Amino acid sequence: MYGKKVWRGKEVEGRYSDIMTYFVRELDSKIETDEIAMYPHFYFTIEYVYKMLEGAGGASVKELHVSQIRNILDTTYNVVTMEADSQTLKKIPMDLFNRCHIIYRVQDDALQYLKDTDTFSVDAGWYRVSQVTKCNMMHINPDNYKFDEEL
């Protein structure tokens, strides 16, 4: 939900799709304990991760963002997903990286031109390649988000 700070809805991306999720783009204050108990899955967007890593707004904002995720991980059995991109992935604190589900975002509109039988390939170095055929990918469109609700 573009323009929203927090919202809820079923996850439609990644391996936790169809789970009721509490989405966080921007955090002004700590998520309350009763809210944490209501949702099995928390999703922190790339905007949240940038603010967490860059400390935009000062050290106290950075610490609030990091401690919120650690609190959920330390006090519940909830799943936490964080978005990452090429600018953030290597900067995520190791304890969060190891304990959170990461959705790595790649911006490339060329994928839409491939046929379903074509292969998407990511080269990570010498003989380190990950591939998936387009027909085996999850395909998400704006209609998938129609039941999300702002909190």
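Residues numbered from 1 in each chain as written. Predicted model: local features only at pLDDT ≥ 70, side-chain atom pairs only at ≥ 80, totals over all residues. Heavy atoms only, no water.

(A) Summary view of a nonpolar patch on the surface. Together, Met 138, Ile 140 and Tyr 145 make up an exposed nonpolar region whose accessible area comes to about 240 Å². Mapping Ile 140 onto the fold places it in the loop between strand 7 (129-133) and strand 8 (149-150). Given the relative accessible area of 33%, Ile 140 is considered partly exposed. (Patch = residues over 30% accessible without salt bridge, like charges linked within 9 Å, V, L, I, M, F, W, Y side chains within 5 Å. Areas by Shrake-Rupley, 256 points an atom, 1.4 Å probe, with all protein chains shown as cover. Salt bridge = Lys/Arg side-chain N within 4 Å of Asp/Glu carboxyl O. Helix = DSSP H or I, 4+ residues; strand = E, 2+ residues; numbered from the N terminus. Buried < 20%, exposed > 50% of the residue type's maximum accessible area, 1.4 Å probe, protein only.)

(B) Expanded view of helix 3 (residues 59-75). Here helix 3 contains 17 residues, and its C-alpha end-to-end distance of 23 Å stays within 8% of the 24 Å for a straight helix at 1.5 Å per residue. Where helix 3 is concerned, the buried positions are His 65, Val 66, Gln 68, Ile 69, Ile 72 and Leu 73. Projected onto a plane normal to the axis of helix 3, the buried residues spread over an arc of 145° and lie on a single side. Exposed and oriented more than 90 degrees from the buried face of helix 3 are Ala 59, Ser 60, Asp 74 and Thr 75. Buried residues along helix 3 sit in contact with helix 1 (33-38), strand 3 (41-44), helix 2 (46-54), strand 4 (79-84) and helix 4 (94-99). (Expected span 1.5 Å × (residues − 1). Arc of directions from axis to C-beta. Contact = heavy atoms within 4.5 Å.)

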